[in-house]
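Listed below are the residues making up each chain.
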Amino acid sequence: MGARMTCDDITLAESPEPQTTEGCQDCLAAGEHDWVHLRLCESCGHIGCCDSSPNRHATAHFKETGHPVIKSFQPGENWKWCFVHETLG
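Below, the structure is looked at part by part. Every value quoted in this text rests on a predicted model; they were computed, and no experiment measured them.

What counts, and where the lines are drawn
Residues numbered from 1 in each chain as written. Predicted model: local features only at pLDDT ≥ 70, side-chain atom pairs only at ≥ 80, totals over all residues. Heavy atoms only, no water. Helix = DSSP H or I, 4+ residues; strand = E, 2+ residues; numbered from the N terminus. Rg over C-alpha atoms; globule rule 2.2 N^0.38 Å. Buried < 20%, exposed > 50% of the residue type's maximum accessible area, 1.4 Å probe, protein only. Contact = heavy atoms within 4.5 Å. Areas by Shrake-Rupley, 256 points an atom, 1.4 Å probe, with all protein chains shown as cover. Lys, Arg positive; Asp, Glu negative; His and termini not counted. Charge placed at Lys NZ, Arg CZ, Asp CG, Glu CD. 1 Å grid on protein atoms, 1.4 Å probe; cavity = no way out; pocket = protein on both sides within 12 Å on 5 of 7 lines; lining within 4 Å. Points joined across faces, edges and corners; volume = space filled by probe spheres on them. Nonpolar A, V, L, I, M, F, W, Y, C, P; charged D, E, K, R; others polar. Pairing = 2+ DSSP bridges. Phe/Tyr/Trp six-rings, centres within 6.5 Å; stacked < 30°, edge-to-face > 60°.

Regarding the overall build of the protein
Helix and strand content of the protein: 3 helices and 5 strands. N-terminal to C-terminal, the α/β element order of the protein is α-α-β-β-α-β-β-β. Over its C-alpha atoms the protein spans a radius of gyration of 13 Å, differing by no more than 12% from the 12 Å that the globule rule assigns to 89 residues. Principal-axis analysis of the C-alpha atoms gives the protein an extent of 45 × 25 × 20 Å. Counting over 89 residues, the protein shows a buried share of 37%. Relative to all contacts within the protein whose residues are 6 or more apart in sequence, the contacts with residues 24 or more apart total 50%. For the protein, the accessible area works out to roughly 5500 Å², and carbon and sulfur atoms hold 49% of it. Looking at charge distribution, the protein has the averaged site of its 6 positive side-chain charges lying 7 Å from that of its 13 negative ones.

Here it is in structure tokens:
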């Protein structure tokens, strides 16, 4: 198995403090609690729900802001995803 390739967006991601630890910010603002997994925006710390969740707020945040990298916000998971390059790191 070869070395895993990553992109500069993932390599340079800043790992900001999360804006909340309570759950998906957009779901909570709408009074909903139906997320599956949480994702942390590596540009601003926004917490959004994954694409398996009904509202897909992490992807919506990328489409709205252009912030390219998310990190899993699930305990025990340590991976990042770049929306722009479709690269896992």
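Some remarks on the layout of surface pockets
Gaps left between atoms show up when a probe the size of a water molecule is rolled over them. Within this model, the largest pocket holds a volume of roughly 150 Å³. In the lining of the largest pocket, the residues fall into 7 nonpolar, 1 polar and 2 charged.

Some words on helix 3 (residues 57-65)
Listed as buried for helix 3 are His57, Ala58, Thr59, His61 and Phe62. The inward-facing, buried residues of helix 3 contact helix 2 (25-29), strand 1 (38-41) and strand 2 (47-49). Count one or two residues on from helix 3 and you reach Gly66, which has phi positive near 80 degrees.

Some remarks on the sheet that holds strand 5 (residues 87-88)
Pairing in this open sheet of 5 strands is antiparallel, and the strands run 2-1-3-4-5 from one edge to the other. Across the chains shown, the open sheet's two edge strands, defined by having one partner strand only, are strand 2 and strand 5. In the sheet, strand 3 (residues 69-72) pairs with strand 4 (residues 80-82) via 3 bridges, with the strands oriented antiparallel. Within the sheet, the bridge partner assigned to Val69 lies in strand 4 and is Cys82.

Examining the packing of aromatic side chains
Applying the stated criterion to the full structure yields 1 aromatic pair. Relative to Phe83, the ring of Phe62 has its centre 4.6 Å away and its plane inclined at 10 degrees; by these criteria the two rings are stacked. One end of the pair, Phe62, is in helix 3; the other, Phe83, is in the loop between strand 4 and strand 5, with 21 residues separating them in the sequence. Classification of Phe83 by relative accessible area gives buried; the value is 14%.

Observations regarding the environment of Cys49
Mapped onto the elements of the fold, Cys49 is located in strand 2. Note on Cys49: relative accessible area 0%, which makes it buried. Separated by 10 residues in the primary sequence, Cys49 and Thr59 place their C-alpha atoms 8.2 Å from one another. Those residues within four positions of Cys49 in sequence are excluded, and the remaining contacts are Cys24, Cys27, Trp35, His37, Leu38, Asn55, Arg56, His57 and Ala58.

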